[in-house]
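# Breakdown of the fold
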Amino acid sequence: MFDIVEIGEYHKWKLRRKNPNLPNEFLDSVSVLIVGGGSAGKRHLMNTKGLGITNVSVVDPRDDRRAEITERFGDNTATYKTEEEAYAKNTYNVVIVANPPVFHIESATRAVKAGAHVLVEKNISHQVEGVEEFLKMADANKRVVAVCCMYRFYDTLQYIKNLLANRALGEI
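This write-up is about the structure you can find in this document. Owing to the predicted nature of the structure, the values given are computational and were not obtained by experimental measurement.

## Details of the overall build of the protein
Across its full length, the protein holds 8 helices and 6 strands. Secondary structure elements of the protein occur, N-terminal to C-terminal, as α-α-β-α-β-α-β-α-β-α-β-α-β-α. Counting over 172 residues, the protein shows a buried share of 35%. Contacts in the protein between residues at least 24 apart in sequence constitute 60% of all its contacts with a sequence separation of at least 6. Total accessible area on the protein stands at roughly 10,500 Å², and carbon and sulfur atoms take up 55% of it.

## As for the side chain of Ser-57
The residue Ser-57 is located in strand E2 (residues 55–59) in this model. Not counting the four nearest positions on each side in its chain, Ser-57 is found in contact with Val-32, Leu-33, Ile-34, Ala-78, Tyr-80, Asn-90 and Tyr-92.

## Here we look at the sheet that holds strand E5 (residues 117–121)
One open sheet holds the 6 strands; their spatial order is E3-E2-E1-E4-E5-E6, and the pairing between them is parallel. The open sheet has two free edges, formed respectively by strand E3 (78–80) and strand E6 (145–148), since each of these has just one partner strand. The sheet shows a mean angle of 20° between the axes of neighbouring strands, taken without regard to direction. Along the sheet, helix H6 (residues 104–113) makes contact with strand E1 (31–35), strand E4 (94–97) and E5, crossing E5 at roughly 165°.

## Brief notes about the pattern of salt bridges
Inspection of every chain in the model, using the stated rule, returns 11 salt bridges. As a salt-bridge pair, Arg-110 and Glu-106 come within 3.1 Å of each other at their nearest N and O atoms. In this pair, Arg-110 and Glu-106 both sit in helix H6, 4 residues apart, roughly one turn of the helix. Each of Glu-83, Glu-84, Glu-106 and Arg-110 takes part in a single network of salt bridges with overlapping partners.

## Points about the packing of helix H3 (residues 39–50) against helix H4 (residues 63–73)
Axis separation between H3 and H4 bottoms out at 12 Å; the angle between their running directions is 25°. Here H3 lies roughly parallel to H4, going by the angle between them. The handedness of the crossing between H3 and H4 is right-handed. Mapping the contact onto sequence places Lys-42, Leu-45, Met-46 and Lys-49 in H3 and Glu-68, Ile-69 and Phe-73 in H4.

## A few points about the pairing of E5
Taken together, the 4 bridges between E4 and E5 define a ladder with parallel strand orientation. The residue bridging Val-95 from the neighbouring strand is Val-118, located in E5. For the crossover that starts at E4, traverses H6 and ends in the parallel E5, the hand is right-handed. With 4 bridges connecting them, E5 and E6 associate as parallel partners. The residue bridging Val-120 from the neighbouring strand is Val-147, located in E6. The handedness of the E5 to E6 crossover, carried by helix H7 (residues 131–140), is right-handed.

Rules used throughout
- Residues numbered from 1 in each chain as written.
- Predicted model: local features only at pLDDT ≥ 70, side-chain atom pairs only at ≥ 80, totals over all residues.
- Heavy atoms only, no water.
- Helix = DSSP H or I, 4+ residues; strand = E, 2+ residues; numbered from the N terminus.
- Buried < 20%, exposed > 50% of the residue type's maximum accessible area, 1.4 Å probe, protein only.
- Contact = heavy atoms within 4.5 Å.
- Areas by Shrake-Rupley, 256 points an atom, 1.4 Å probe, with all protein chains shown as cover.
- Pairing = 2+ DSSP bridges.
- Axes fitted to C-alpha atoms, helices over the stretch in contact; angles between N-to-C directions.
- Salt bridge = Lys/Arg side-chain N within 4 Å of Asp/Glu carboxyl O.
- Parallel < 35°, antiparallel > 145°, perpendicular 65-115°, else oblique.
- Left-handed = near helix turned anticlockwise from the far one by under 90°.
- Right-handed = clockwise from strand over helix to strand, strands pointing away.

Take a look at the structure:
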């Protein structure tokens, strides 16, 4: 029923929380909203807190996920049922969009309009329509948008990419 984020892993991150390359003044100035409290959202929450960023909120429509986040990550992690509720309570420098892809563009657009930079879990959208317009809007608002896809750096996938690029497998 619940996606698992081991509390021991969270505590390991917590022990390393002060990254010497990130001054406390910077860490204290960052406010992050994570949209989506599922598996990916909880990993982003753990990593964000592991960097030493303490002003982190999570939006998830499911009561059980919000309760789990509060239980695992503490009462100082605000949880909200809707994005509108979260934006009404706080302002955010960064929004991490980790809800289902069908909602990515809508949530990312809301974040940019609220003045935040955006990290979107892969895929940026479930369809091509609307992506270009969103990126132009983000650019016009001088907001950074990045798509998170850690697998692209895996050695195996890099090897396959090179095979395809060099047509080592023929025409595909």
